[in-house]
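# Understanding the architecture of this molecule
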Amino acid sequence: VAEDSGLSVAIGDWVMESLAGTVARWAEAGMEQRFALNVSHRQLGQGDFCERLIDALERAGGTPSLVEIEVAEMVVMQADQAALDGLARLRALGVRVSLDNFGTGHTKFARLREMPVDRLKLDRSLIADIARSAEARAVAHAVVSLMHGLGREVVAEGVETTDQIDVRRVIGCDAIQGHAVARPMTETALRHWAIDRLD
């Protein structure tokens, strides 16, 4: 509804400001943690999106290298050159760019090679059966190998079980995301969770 009505841009700006403040607060507390920001089609299509993100970080005192923006696979593949140039500018400033929900669209691998992205997040549909299906493991491993060959990191999304965690190591994913790691939590709870793991 927000996307269709145009409200996604205003909501996105609010999230962007909140993210910038959070990045600065955590760094000030000695916890340099990268935070991810989901970016919608409408946001990416705005000519000044990149400038607004950098401006929000500068006003809050946040470091660009502690920000990662996540853009859905189909959005990036359909983006015009101006949007891709904007992503490239952000990367040059230290912001990381992730291709989200990879495996749900119709990616042209030849074009992917030229995309200004740092890593791909394998959609949960590619991960769901890897612990019990040799075919699913083979597909996931092939995608991971291809992405590593292009110099991209790979994140497995939707990891829910310890078996999936174990298999992820076999297929070579660089990182995982999902309830097997942690459930959604408040910022305060996240701080305690992160501190516990640093200790």
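So, here's what we can say about the structure. (Residues numbered from 1 in each chain as written. Predicted model: local features only at pLDDT ≥ 70, side-chain atom pairs only at ≥ 80, totals over all residues. Heavy atoms only, no water.)

Moving on to the overall build of the protein chain. In terms of helices and strands, the protein chain carries 11 helices and 6 strands. For 199 residues, the compact-globule formula gives about 16 Å, and the C-alpha radius of gyration of the protein chain, at 17 Å, lands near that figure. Among the 199 residues that make up the protein chain, the fraction classed as buried is 42%. Taking the intrachain contacts of the protein chain between residues at least 6 apart in sequence as the baseline, contacts between residues at least 24 apart amount to 67%. (Helix = DSSP H or I, 4+ residues; strand = E, 2+ residues; numbered from the N terminus. Rg over C-alpha atoms; globule rule 2.2 N^0.38 Å. Buried < 20%, exposed > 50% of the residue type's maximum accessible area, 1.4 Å probe, protein only. Contact = heavy atoms within 4.5 Å.)

What follows is about helix α6 (residues 81-92). Under the 1.5 Å per step criterion, the end-to-end length of α6 is 16 Å for 12 residues, consistent within 8% with the ideal 16 Å. In this structure, the buried side of α6 is in contact with α3 (41-45), α4 (49-60), β2 (67-72), α5 (73-78), β3 (96-102) and α7 (109-112). (Expected span 1.5 Å × (residues − 1).)

Attention now goes to the environment of leucine 120. Locating leucine 120 in the fold gives a position in strand β4 (residues 119-122). Its relative accessible area of 0% is what places leucine 120 among the buried residues. Here the alpha-carbon distance between leucine 120 and glycine 21, two residues 99 residues apart in the chain, equals 26 Å. Aside from chain neighbours lying at most four places away, what touches leucine 120 is Leu99, Phe102, Leu112, Met147, Arg152, Glu153, Val154 and Val155.

To continue, consider the pairing of β4. Burial of β4 is two-sided: the residues Arg119 and Lys121 facing one way and the residues Leu120 and Leu122 facing the other way are all buried. In terms of strand pairing, β3 meets β4 through 3 bridges, oriented parallel. Counterpart to leucine 99 in the pairing with β4 is leucine 120. For β4 and strand β5 (residues 153-156), the ladder comprises 4 bridges, and the chain directions are parallel. (Pairing = 2+ DSSP bridges.)

A separate point is the sheet that holds β4. The sheet built from 6 strands is open, its strands ordered β1-β2-β3-β4-β5-β6 with parallel pairing. Looking along the sheet, the strands with just one partner apiece sit at the ends: β1 (35-39) and β6 (175-176). Inspection of the sheet shows β5 paired to β6 by 2 bridges, in the parallel sense. Each residue of the ladder has a partner; that of alanine 156, found in β6, is isoleucine 176.

So, about unusual backbone geometry. A positive phi angle is found at asparagine 101, which is not glycine, with a value near 55°. If you trace the backbone, asparagine 101 turns up in strand β3. Asparagine 101 gets classed as partly exposed once you look at its relative accessible area, which sits at 26%.

Purely spatial values, then, with no claim about function.
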